[in-house]
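Structure assessment
The primary structure of each chain is shown beneath.
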Amino acid sequence: MSGVLAIAELRRGEDEQLAVRPGTYELIAAGRELAEQGAGPLAVAVIGPAADVPVDSVALDGVSEVIAVPSPEDRYEAHVWQAAAEALIEQRAPAVVLAGHTIDSLGFAAAVAARGRHGFASDVTAVAWTEHGAVAQRSAYGERLVAELDFPGKQTVVLLLRPGANAPAGGRHARANGGSPIATWLELDLAGRSRTERVELREAPIGEVDIAKADFLLSIGRGVGAADQVARMERLADALGATLAVSGPLVEAGWASRARKVGQSGRTVAPRVYLALGISGAAQHLGGMSRSQTIIAVNSDPRARIFDVAHYGAVADLFEVADELERQLG
Ligand code: FAD
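What comes next concerns the included structure. (Residues numbered from 1 in each chain as written. Predicted model: local features only at pLDDT ≥ 70, side-chain atom pairs only at ≥ 80, totals over all residues. Heavy atoms only, no water.)

**Things to note about the overall build of the protein**
Counting its secondary structure elements, the protein contains 8 helices and 17 strands. Taken over C-alpha atoms, the radius of gyration comes to 22 Å for the protein, in line with the 20 Å a tight globule of 330 residues would show. Overall, the protein is about 65 × 45 × 40 Å in size when its C-alpha atoms are taken along their principal axes. Counting across all 330 residues of the protein, residues that qualify as buried make up 48%. At a minimum sequence separation of 6, the contacts of the protein that also span at least 24 residues come to 64%. Here the protein displays about 16300 Å² of accessible surface, and carbon together with sulfur accounts for 48% of that area. (Helix = DSSP H or I, 4+ residues; strand = E, 2+ residues; numbered from the N terminus. Rg over C-alpha atoms; globule rule 2.2 N^0.38 Å. Buried < 20%, exposed > 50% of the residue type's maximum accessible area, 1.4 Å probe, protein only. Contact = heavy atoms within 4.5 Å. Areas by Shrake-Rupley, 256 points an atom, 1.4 Å probe, with all protein chains shown as cover.)

As structure tokens, then:
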């Protein structure tokens, strides 16, 4: 068993074109490192309708092969992806299979690992190749503990990488380098595998605001303490030229709309400035904002996890900071 197989994730955009989801480039970056550490060459599998598979988008430096797997389904379908992944593992015998810790991969990867008796870990924050094979890191106890997992006796290990935990791969596309296309088309018998009946696809409404497009987010968490503070913080955001965003609990409490929620079950954002007031920095929140260019955190608890990703931090009462900002803005 040798090599790394990354399974790309695709989505149809508003223009109905299939595009590679950004998390795939994080898989490629992690796979490239594993390859450099001795795990063997990196292949990227792209499963999708034959006419549309965007093979060039993942043919980056460091990718030895793109395996295009035509699917009878127009969009992601868990059982088809499961069958494709099982066939790929059987044919290519990779030492490591990388997929995202996402709603798509959670739909098939655990089943693939269980049926094949492979090693498996979800929500992996880092992975390395050692003389004993793959070693994966996961967090436990509310991120206070980092566990290192190895997989003794497993020929293949399936790992789901937490989105946002790895910097996405850059590099030029192989064709832009003047290289020949490196896609291999792999015809698998996937017809009839789907067990899903698609009734209707309803995109989640963007709502009154698209926080993913904002350049400057003022993001508030449970630290604001009361619903009436949300309106005050929105006024402060307006005065700063920022857009208001929130952490999960404010949406659950009905204090803010879902459109403003940042995180794993909210929006993924990467603004120029992310000013976080009273947000602890739970993994589910960090997964949606840790790629922001400049993160400024205000929290009264010096041990808050948000300070691990913040470029600038103040251990302070958020209301004192808000008062001072309002005073300075007149
Ligand atoms: P808390 O963790 O309660 O933190 C409040 C912070 O405010 C504390 O650090 C405290 O020190 C600070 N504070 C209090 N008073 C003040 C003050 N006066 N001045 C300064 N600081 C103060 N969460 C998300 O945000 N987005 C998601 O998409 C998301 N998805 C989830 C999906 C799942 C499946 C699950 C299980 C959870 C999800 N969560 C999500 C919830 C997540 O686990 C956390 O509970 C949440 O992010 C915590 O929000 P918070 O930081 O606002 O609140």
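**Topic: the sheet that holds strand β14 (residues 243-246)**
Taken in spatial order, the 5 strands make up an open sheet running β14-β13-β15-β16-β17, and their pairing is parallel. Each edge of the open sheet is held by one strand with a lone partner, namely β14 and β17 (312-315). Here the strands of the sheet are splayed against their neighbours by 15 degrees on average, with no regard to which way each runs. On top of the sheet, helix α4 (residues 228-240) reaches β13 (216-220), β14 and β15 (273-277); it is set at about 165 degrees to β13, its chief contact. (Pairing = 2+ DSSP bridges. Axes fitted to C-alpha atoms, helices over the stretch in contact; angles between N-to-C directions.)

**Considering unusual backbone geometry**
With phi around 55 degrees, R117 is a residue other than glycine that occupies positive phi space. The topology assignment puts R117 in the loop between α3 (109-116) and β7 (119-124). For R117, a relative accessible area of 68% translates into the label exposed. Located in the positive-phi region is D123, a residue other than glycine, with phi close to 50 degrees.

**Considerations on the pattern of salt bridges**
In this structure the tally under the stated criterion is 18 salt bridges. Among the ionic pairs, E65 bridges to R92, the shortest N-O distance being 2.7 Å. Highlighted residues: E65 in strand β5 (residues 65-70) and R92 in helix α2 (residues 78-92), separated in sequence by 27 residues. Residue R92 is classed as partly exposed on the basis of its relative accessible area, which comes to 30%. In this structure, R115 engages E86 in a salt bridge whose closest nitrogen and oxygen atoms are separated by 2.7 Å. Of this pair, R115 sits in helix α3 while E86 sits in helix α2, and the two are 29 residues apart along the sequence. Bridged by salt links that share partners, the residues R12, D52 and D74 form one connected network. (Salt bridge = Lys/Arg side-chain N within 4 Å of Asp/Glu carboxyl O.)

**With respect to the sheet that holds strand β12 (residues 183-185)**
In spatial order, the strands read β7-β11-β6-β1-β4-β5-β12; together these 7 strands make up an open sheet with parallel pairing. In this open sheet, the two strands that pair with only one neighbour each are β7 and β12. Strand after strand, the sheet turns through a mean of 20 degrees between neighbouring axes, direction not considered. Of the strand pairs in this sheet, strand β4 (residues 42-48) and β5 are connected by 6 bridges, and their pairing is parallel. Across the sheet, residue V46 finds its bridge partner in β5, namely A68. Sheet strands touched by helix α1 (residues 23-39): β1 (4-7), β4, β6 (96-100) and β11 (157-161). Its angle to β6, the strand with the most contacts, is close to 165 degrees. Running at roughly 160 degrees to β7, α3 makes contact with β7 and β11 of the sheet.

**Focus on the side chain of Q82**
Locating Q82 in the fold gives a position in helix α2. Judged by relative accessible area, Q82 falls into the buried class, the value being 13%. Residues within four places of Q82 in sequence aside, it is in contact with F108, A111, V112 and R115.

**Description of α2**
Every α-helix carries 3.6 residues per turn, so stepping three or four residues along brings you back to the same face. Over its 15 residues, α2 extends 21 Å from the first C-alpha to the last, a length consistent with the 21 Å expected when each residue adds 1.5 Å. Among all positions in α2, only A78, V80, W81, Q82, A83, A84, A85, E86, A87, L88 and I89 are buried. Next to the buried residues of α2 lie β1, β4, β5, β6 and α3. (Expected span 1.5 Å × (residues − 1).)

**Examining the site of the ligand**
By nearness alone, 25 residues border the ligand, and R222, S247, S265, S280 and N299 come closest of all. A distance of 2.8 Å is found between a nitrogen atom of the ligand and a backbone nitrogen or oxygen belonging to V262. In isolation the ligand has 980 Å² of accessible area, and contact with the protein removes 70% of it. Mapped by element, the contributors of at least two residues to the shell around the ligand are α5 (248-252), α6 (283-286) and α8 (318-329). In terms of residue class, the shell around the ligand is built from 7 nonpolar, 14 polar and 4 charged. (Near = heavy atom within 4 Å. Polar contact = N/O pair within 3.5 Å; in protein donor to acceptor, adjacent residues only side chain to side chain. Nonpolar A, V, L, I, M, F, W, Y, C, P; charged D, E, K, R; others polar.)

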